[in-house]
Amino acid sequence: MQDHRLQILVASAILIAPLPFGLVEPHRRPWLGFAACLVVLAWSLRPEVPPLDRTTRAALAAALALVLVALLQIVPLPPFLLSVLAPGKADLVARLQSDSAGLGKFAALHGQGGLWTGALSWNPLSAYPEATRRAILTLISVMVLGCATALVCRDRKAARRLAVCFVAIGVFEAVYGLAEYLTGHQHIFGYRKRHYVHYVTGTYINKNHFAGLMEMALLLALGLYWDQIGSRRRRRGLKAWLVSLSDDDRGKSTLTLLSIGLMGSALLLSFSRTGIVVGAFAAAGLLIWLGAGRARTVPRAAGAVLVIVCVLSPLAWFGRREIIASFAQVPTNAEAPGGRLDAWRATAAIIGDAPLAGWGLGTFENVFPRYEAPTIRVTFDHAHNDYLELAAGLGVPALLIALVATALLIARAARASRLWESGRGLLAGATAACIALLLHEIVDFNLAIPANALLFGICLGLAAGMVRPAPVAAGPWRPSPGWARALGVTLGCVLLFESSTEFLAATRLSRAQSALDAGGDPADISSAGESVRLARQAVRMRPADAEAQATMATSLSTLLLATSVPGPDGAAPAEVASLTREMAGSILAAIRANPWDAVNYSRLLLALHLESVLRPEAPELSSEASVGPIAAGVARTIVFLAPTSTLAHRAMGGYLLGTGDKDGAAAEYRQALALDPSLVPEVARHVLDSVPDRLWVDRVIPGTAPAQLRYGMFLEHLGEIARAEIAYRASLKAEPTAAAALRLHGLYL
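Rules and cut-offs
Residues numbered from 1 in each chain as written. Predicted model: local features only at pLDDT ≥ 70, side-chain atom pairs only at ≥ 80, totals over all residues. Heavy atoms only, no water. Salt bridge = Lys/Arg side-chain N within 4 Å of Asp/Glu carboxyl O. Helix = DSSP H or I, 4+ residues; strand = E, 2+ residues; numbered from the N terminus. Buried < 20%, exposed > 50% of the residue type's maximum accessible area, 1.4 Å probe, protein only. Phe/Tyr/Trp six-rings, centres within 6.5 Å; stacked < 30°, edge-to-face > 60°. Patch = residues over 30% accessible without salt bridge, like charges linked within 9 Å, V, L, I, M, F, W, Y side chains within 5 Å. Areas by Shrake-Rupley, 256 points an atom, 1.4 Å probe, with all protein chains shown as cover. Axes fitted to C-alpha atoms, helices over the stretch in contact; angles between N-to-C directions. Parallel < 35°, antiparallel > 145°, perpendicular 65-115°, else oblique. Left-handed = near helix turned anticlockwise from the far one by under 90°. Contact = heavy atoms within 4.5 Å. 1 Å grid on protein atoms, 1.4 Å probe; cavity = no way out; pocket = protein on both sides within 12 Å on 5 of 7 lines; lining within 4 Å. Points joined across faces, edges and corners; volume = space filled by probe spheres on them. Nonpolar A, V, L, I, M, F, W, Y, C, P; charged D, E, K, R; others polar.

Enquirer: Which residues make up the pattern of salt bridges, and what are the values?
Expert: Scanning all chains against the criterion turns up 12 salt bridges. In this structure, the salt-bridge partner of Glu130 is Arg542, at a minimum N-O distance of 4.0 Å. One end of the pair, Glu130, is in helix H8 (residues 129-152); the other, Arg542, is in the loop between helix H24 (525-541) and helix H25 (546-563), with 412 residues separating them in the sequence. Accessibility classification places Glu130 together with Arg542 in one group, the buried group. In this structure, a network of salt bridges that share partners links the residues Glu130, Arg133, Glu498, Glu502 and Arg542.

Next comes the structure, spelled out in structure tokens:
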């Protein structure tokens, strides 16, 4: 009965998880925790722990070690211990504290000094503890569902049912994605796709994550198909096998083969290069592995491959040009600046500053801007290599522990698949699915997508559970039912509490943002007030959530702008001062929760600017003389946290220009334009509006060839031909290019 309950819960998780965008949205991610909670509580009603052999015990110990390491990362540590575990990070923390010294004064001016005192003295290993807490919840949920799958799959019939559910969701994703692609509709249910609109992605946003699902489902389907055709050994030869497809008892194998063709077509039309290569080689390797030493099954394998090719060819014909063009771009993309190679180098630098304990699980996007190369022009939320990202998050020892434990389970399943006769196809298919996704993760981040991480855990649990434990000389270790029940109930309650609070907070934040977007007019007090009310509820649930605090600050700033409008709805000066103090407290709370996010410091600069606007309405606010030093420290912190961000240098330049420091402002603007010369017209126009000194504006533009070329084009557009000629000559002197020469020749003509 217990296995039946667990089987239903795991099957439901398989069928539901990929549908809502792969559970990547903040208010959908807790669904994974709810599923794990139900599984744990269902198991606790009648706990049963099978005998555990050495390999299983080692894998469970490794999983527990990973969770403990991640939990230790959210515990504040004294400076000396932080310097031992993460020496590079300790130096950066000291620098960050020195640059943020003005924040204490800002907190005191707004009545928040008591909350800020000592906030940065003890620091956790995690750069953003709330993100690590969310990642821990996902990690535990995946482990729980993987263990439940292993318990269920001791029964091979149950294992086949779960595999059929896995293949069923794969077929649905393939058919849905193909239908949207071939019709040109390109929606994900009611959501109109904005990215990857010319690819098959199913209900996923990213084509590579869709390809990861297709790889696993396709290999499981191949394993099921092998078992189905291998159960009837009396039919020999390719001709007899093809004739048998019309028999009623061959309906299942025919349907499975059709499923393989549909998923293979969807994988091809996703145009995911890594997905296509890994899927093809994994499928070929699986058939070779299953057919080794079994001459009677070779005709079956050859017939299966022939039928699959016949099914794939017509559908793949639609995207033949895109597939060829995609693979032709591989050498160019590998050598292009600002791509994955630069991101991997930056990630290696992140690992080098905290090799033992990491920067915190799930904090990569918060730390990466401090290390990214100047050539990187896009936002990297993930490292596009899960092994590097795990080492950066949990440390190199944790990465080795995870790899060794996974390798032990996969190696045991692979050995068993060579010895079995019945069910070996499914076991080998699950093993191949795990290996394929692990290979895909060398250049992608499927395991950072909750749905794909769950499906990988289920594949691994299926492969581990189908293998009978080897006898142990000292006897298998098994915990007592009482301890197991107590542990299960405790874990289930923790999962329920964490998932519920995260779901409620994320839902309110989403509604608060929707209220802000729906308001449109800054003077709309009703929408701003509703947004503030929802954000306050989210902050009460998750006070350490930087996103909740930032949404609160944004809602309050919108409400302040709305209430400060002259008229009957305008607020009293005391109310303006109160709302301003609350906004300052929210921004400081966001910085305390996530001190490595430069965006929070940018919000503080905007708050200082808003105070200067509202000061006539509320004389209680801090004076201009006290704000200046604080803003200088905040601007320095932004540049420190994002040294290659043009936004950071432009913010610093704007602040220095406002204080009258033209030399410092020119240096910051030059740094920003050296990073991205395409910003020359925008920055030059802004500087000209602020300082009408055209000779000083010339000092702002760096002497590089691209910057001078764009500056010359900007001046030519303004009609200043003489200065444009000087800029073109400077560009030619820095680097002789045809573009600058043609522009200069055009001036002479």
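Enquirer: I'd like a rundown of the environment of Tyr181, residues and numbers included.
Expert: Along the chain, Tyr181 falls in helix H9 (residues 156-183). Placed 18 residues apart in sequence, Tyr181 and Tyr199 show a C-alpha to C-alpha distance of 6.6 Å.

Enquirer: Describe the packing of aromatic side chains, with residues and values.
Expert: Taken as a whole and judged by the stated rule, the model has 12 aromatic pairs. Ring geometry for Phe21 against Tyr191: centres 5.6 Å apart, planes inclined by 90 degrees, an arrangement best described as edge-to-face. Of the two residues, Phe21 sits in the loop between helix H1 (2-16) and helix H2 (30-45) while Tyr191 sits in strand E4 (residues 191-192), which places them 170 residues apart along the sequence. Judged by centre distance (6.5 Å) and plane angle (20 degrees), the ring pair of Tyr711 and Phe714 falls under stacked. Residue Tyr711 and its partner Phe714 are both found in helix H33 (residues 705-718); the two are separated by three residues, about one turn of the helix. Taking the relative accessible area as the measure of exposure, Tyr711 reaches 4% and is therefore buried. For Phe714, a relative accessible area of 5% translates into the label buried.

Enquirer: Kindly report on a nonpolar patch on the surface, identifying the contributing residues and their values.
Expert: Residues Leu15, Ile16 and Trp31 make up a contiguous nonpolar surface patch of roughly 250 Å² in combined accessible area. Given a relative accessible area of 44%, Ile16 falls into the partly exposed group.

Enquirer: Any chance you could break down the packing of H24 against H25 for me, citing the residues and the numbers?
Expert: In the contact formed by H24 and H25, the axes pass within 8 Å of each other and the chain directions differ by 155 degrees. What the angle tells us is that H24 and H25 run roughly antiparallel. When you trace H24 past H25, the crossing you get is left-handed. Contacts between H24 and H25 involve Ile525, Ala528, Gly529, Ser531, Val532, Ala535, Arg536, Ala538 and Val539 on the former and, on the latter, Ala548, Gln549, Thr551, Met552, Ser555, Leu556, Thr558, Leu559, Ala562 and Thr563.

Enquirer: Lay out empty space enclosed by the protein in plain terms, naming residues and giving numbers.
Expert: Within this structure, the stated rule accounts for one cavity of 30 Å³ or more. Along its surface, the largest cavity is lined by Tyr176, Gly177, Glu180, Gln186, His187, Lys193, Tyr199, Val200, Thr201 and Gly202. For the lining of the largest cavity, the leading source of residues is H9, giving three residues. Residue composition of the lining of the largest cavity, grouped by class: three nonpolar, five polar and two charged.

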